[in-house]
Amino acid sequence: MSESSSPPLSWRAHLLAGWITFHLVCVTIYVLPYPPLFDEAALEHPEVAAELKVTFENLHQKIPLYDSPQEMQQAALGLARGYIDTVSRGREWVEPYLRWTGSTQSWTMFGGTPPRYPLVLVVEVRPRGSKEFVLYQDLRWGTEDSAAMNFRHRKVHENLSMGWGNMAAYSAYWARRWNEQHPERPAQAVRLSYIRSTTPLPEAVRAGNSERHPTLDILPYVWEPER
Amino acid sequence: MMVRCWQRYVAFWSERERPDAYALVRITFGIALVLNLLEQLLSGDILEFYALPSEGGIFPFQRPGSPLSLFRLFAPTALHVRVLVYAHLAAAVLFTLGCATRLVALVNFFCQVTLSERMPLFAFGGDNVFRVYCFLMVLAPCGAAWSLDAWFRRRWQGKVTRSVPSWPRRLMMLQLALIYTSTGLMKCGSSWSFMDGWSALYLAVNLPGLARWPGDWAAWVYPLTQGGTFVAKWWEITFVLVPFNVFLRRRDDPARPIGWVRRWFTRWDLRGPYLLLGLVFHLSLIVLFDLGLFSPVMLSIYPSYFHPEEAQRWLEQGCRLLRIPSPPPSPPLPAHTS
């Protein structure tokens, strides 16, 4: 068990306590809840729009502070914008220190709400001499491709679906993988697209309907190697 | 009054303890670090993650934003990436064994920052945990006991480390609480509350790829998933109470009177229920989701919540299981340490 120090505290002890406090304040400011995106485009995203609709309709029903769910939503978004501006300024202030200590961090695991309409990446390749794309990576549950994929690629798929990262580089990677497996039919083009499915309600599943209504989402990205 | 409060605060951060808890954290965190690197090496993906596209990588290289990244000094060629990952693995093994502990902790820290900076698109929560804790391991006297360093010191210099500073371990405890509490606060969406019927866990086990199996099974145990959602959210949010409970429960002078709030708050040791629930939570994550080493690294930090005597018992038990002789127990603390 720890024990208290009885001798007088040295200047080093004061300095240490000051630095520890500074470190904890910096980390605490940096980990305050902070959405990765908060602009008009993000608010119109189907997943976000659905979440806002469900939240404010239910909230308005239980606590009718405003005349309509829409009014309530506008007021809450105004508050959220103020909070985000303040936190953003705080993060800018502490970030240089945290970068020097390798301690930048954000913990958003299943934050907000887990997607109701999850996305799955589909990789298709058009081999040389063919006019049609053929399915190359079927990443739905239970497929061999899905089982063989390193879990970190799922994070790439998520980031790419939000417009972060380089689709061309990821397509070139799949073209390279295809060419290694099919040297006689190298890839002329790679198409990346996302299938959006709907998570069925538990009552529907229990009633025997677990259909997920897969639909093509987001315009497919087509990549062709430079000649 | 202010001066007295500050003096007590400084005294709190100046406290010392036996080094056994550090040893247990070093071993568990070191094993998690080794497993994380082996997972990448065995899956054959290290060049894809880190190297230049012309050398087997996927994404183009940009000058690292972190001032600590070693890729500011040399480009991530296939050779450099291999050397870096194997050096990191060697340092992680040495760290686990407690050999040149402070030096290899520093190597681990630089390697981890460099690699995680190169793979922002691939990085999982687990990678962030490794990076943040590698910094704390540099600060901590992890090699003071149950280590090759301690063995060499005892054998050649006849010295035994009796006490080490408590503050690095307390920082580890607070960091873990910050991770859980901030994650819990982020769970502010409707599915984490009554507004959408506590459906978050049900939705999560229906995420293709992340969940190991199609989530239809969860519909048949829906009330259980609702209960899991409620417990997980509030366990995370309130985890911040645990370090304060631990700090307030330590008393140098049991005869000194304390207020009723402190007496009530410290009546129970919160570590038991919270860490046990954490164990169940992370084991469930391992079974249900493909999240790599996230759960193992989180669990590897739990021993930072153990008191040194408890850690010593666990270490002795481990030695008995592995049939290796345990070193002589750490001597009791001197009367006054500063």
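## Concerning the pattern of salt bridges
According to the stated counting rule, one finds 19 salt bridges over all chains in the structure shown. The closest approach of N and O atoms between Asp196 of chain B and Arg116 of chain A, which form a salt bridge, is 2.3 Å. Here the residue Asp196 of chain B occupies a position in the loop between helix H8 (167–186) and helix H9 (200–204), and Arg116 of chain A occupies one in the loop between helix H4 (69–100) and strand S1 (119–127), the pair thus bridging two chains. Overlapping salt bridges, with partners in common, bring together Glu51 and Arg116 of chain A together with Asp196 of chain B in one network.

## Focus on the interface of chain B and chain A
At the junction of the two partners, chain B supplies 100 residues and chain A supplies 74 residues. For the chain B and chain A pair, buried surface summed over both sides reaches about 7,600 Å², with 65% attributable to carbon and sulfur atoms. Viewed at the interface, chain A and chain B are joined by six salt bridges. Residues Asp127 of chain B and Arg152 of chain A are paired through a salt bridge, measuring 2.6 Å at the closest nitrogen-oxygen approach. Along the contact surface separating chain B from chain A lie 25 residue pairs in polar contact (both at pLDDT 80 or more). The dominant element in the side of chain B that touches chain A, judged by the number of residues it contributes, is H8 of chain B, at eleven residues. By residue class, the composition of the side of chain B that touches chain A is 56 nonpolar, 26 polar and 18 charged.

## So, the packing of aromatic side chains
All names here are of chain B. Following the criterion strictly, the structure yields 36 aromatic pairs over all chains and no others. Taken together, a centroid distance of 5.4 Å and an interplanar angle of 35° make the contact between Trp6 and Tyr9 tilted. In this pair, Trp6 and Tyr9 are both assigned in helix H1 (residues 2–13), three residues apart and thus about one turn of the helix distant. On the accessibility criterion, Trp6 (34% relative accessible area) is partly exposed. Centre to centre, the rings of Trp198 and Phe230 are 5.1 Å apart; their planes meet at 75°, and the pair counts as edge-to-face. Separated by 32 residues along the polypeptide, Trp198 in the loop between H8 and H9 and Phe230 in helix H11 (residues 222–237) bring together distant segments of the chain. Taking the relative accessible area as the measure of exposure, Phe230 reaches 42% and is therefore partly exposed.

## Let's talk about a nonpolar patch on the surface
Residue and element names in this part refer to chain B. On the surface, Ile31, Leu35, Leu38 and Leu42 cluster together into a nonpolar patch covering about 370 Å² of accessible area. Within the secondary structure layout, Ile31 lies in helix H2 (residues 20–42). Residue classification places Ile31 among the partly exposed positions, given a relative accessible area of 42%.

## Observations concerning the confidence of the model for chain B
Residues and elements named next belong to chain B. Of all residues in chain B, 98% have pLDDT values of 70 or greater, and the mean over the chain is 93. Considering each helix and strand of chain B separately, the mean pLDDT is smallest for helix H13 (residues 260–265), with a value of 89, and largest for helix H4 (residues 78–97), with 98. Predicted complex, confidence summary: ipTM 0.93, pTM 0.91.

## Here's the deal with the packing of H2 of chain B against helix H6 (residues 125–139) of chain B
What describes two packed helices is the angle between their axes and the distance between those same axes. All names here are of chain B. Axis separation between H2 and H6 bottoms out at 12 Å; the angle between their running directions is 140°. Classified by the angle their axes make, H2 and H6 are oblique. Of the two elements, H2 crosses H6, and the hand of that crossing is left-handed. Facing Val25, Phe29, Ala32, Leu33 and Asn36 of H2, the residues of H6 in contact are Asp127, Phe130, Tyr133, Cys134 and Met137. Residue composition of the contact of H2 with H6, by class: eight nonpolar, one polar and one charged.

Cut-off values and rules
- By convention here, each chain's residues receive numbers from 1 onward along its written sequence.
- Whichever chain is written first becomes A and whichever ligand is written first becomes 1, with later ones labelled in order.
- Local features in a predicted model are, by the rule used here, given only for residues with pLDDT of at least 70; side-chain atom pairs are given and counted only at 80 or more, and totals for whole chains, interfaces and linings are based on all residues.
- Remark: hydrogens and water are excluded; side-chain values derive from all non-hydrogen atoms of the structure.
- Basic side-chain nitrogens of Lys or Arg form a salt bridge, by our definition, when they fall within 4 Å of a carboxyl oxygen of Asp or Glu.
- Put simply, DSSP H or I for four residues or longer makes a helix, DSSP E for two residues or longer makes a strand, and each gets a number counted from the N terminus.
- The contact rule is simple, with two residues in contact once any of their heavy atoms fall within 4.5 Å.
- A quick way to say it: buried area is the sum, across both parts, of accessible area lost when two parts are put together, with a 1.4 Å probe.
- Nitrogen and oxygen atoms within 3.5 Å of one another constitute a polar contact, given that in protein one can donate a hydrogen and the other can accept it, and given that sequence-neighbouring residues count only through two side-chain atoms.
- As a working rule, the residues Ala, Val, Leu, Ile, Met, Phe, Trp, Tyr, Cys and Pro are called nonpolar, Asp, Glu, Lys and Arg charged, and the rest polar, with Gly in that last group.
- A pair of aromatic rings is counted whenever rings of Phe, Tyr or Trp (Trp by its six-membered ring) have centres within 6.5 Å, and the orientation is called stacked for planes under 30 degrees apart, edge-to-face for over 60 and tilted otherwise.
- Relative accessibility decides the category of a residue: with a 1.4 Å probe and only protein chains considered, values under 20% of the type maximum give buried, values over 50% give exposed, and everything between is partly exposed.
- Surface patches are drawn from residues lacking salt bridges whose relative accessible area is over 30%; two like charges belong together within 9 Å, two nonpolar side chains (Val, Leu, Ile, Met, Phe, Trp, Tyr) within 5 Å.
- Shrake-Rupley sampling with a 1.4 Å probe provides the accessible areas, and residues are treated as covered by the protein chains on show and by no other component.
- Confidence scores labelled pLDDT are given residue by residue by the predictor and lie between 0 and 100.
- Note on method: axes are straight lines fitted to C-alpha atoms, helices fitted across the in-contact stretch only, with angles between N-to-C directions ranging 0 to 180 degrees.
- Under this scheme an angle from 65 to 115 degrees is roughly perpendicular, one under 35 degrees roughly parallel, and one over 145 degrees roughly antiparallel; angles in between are oblique.
- Each crossing is labelled by how the near helix is turned from the far one, with a counterclockwise turn of less than a right angle marking it left-handed and a clockwise turn marking it right-handed.

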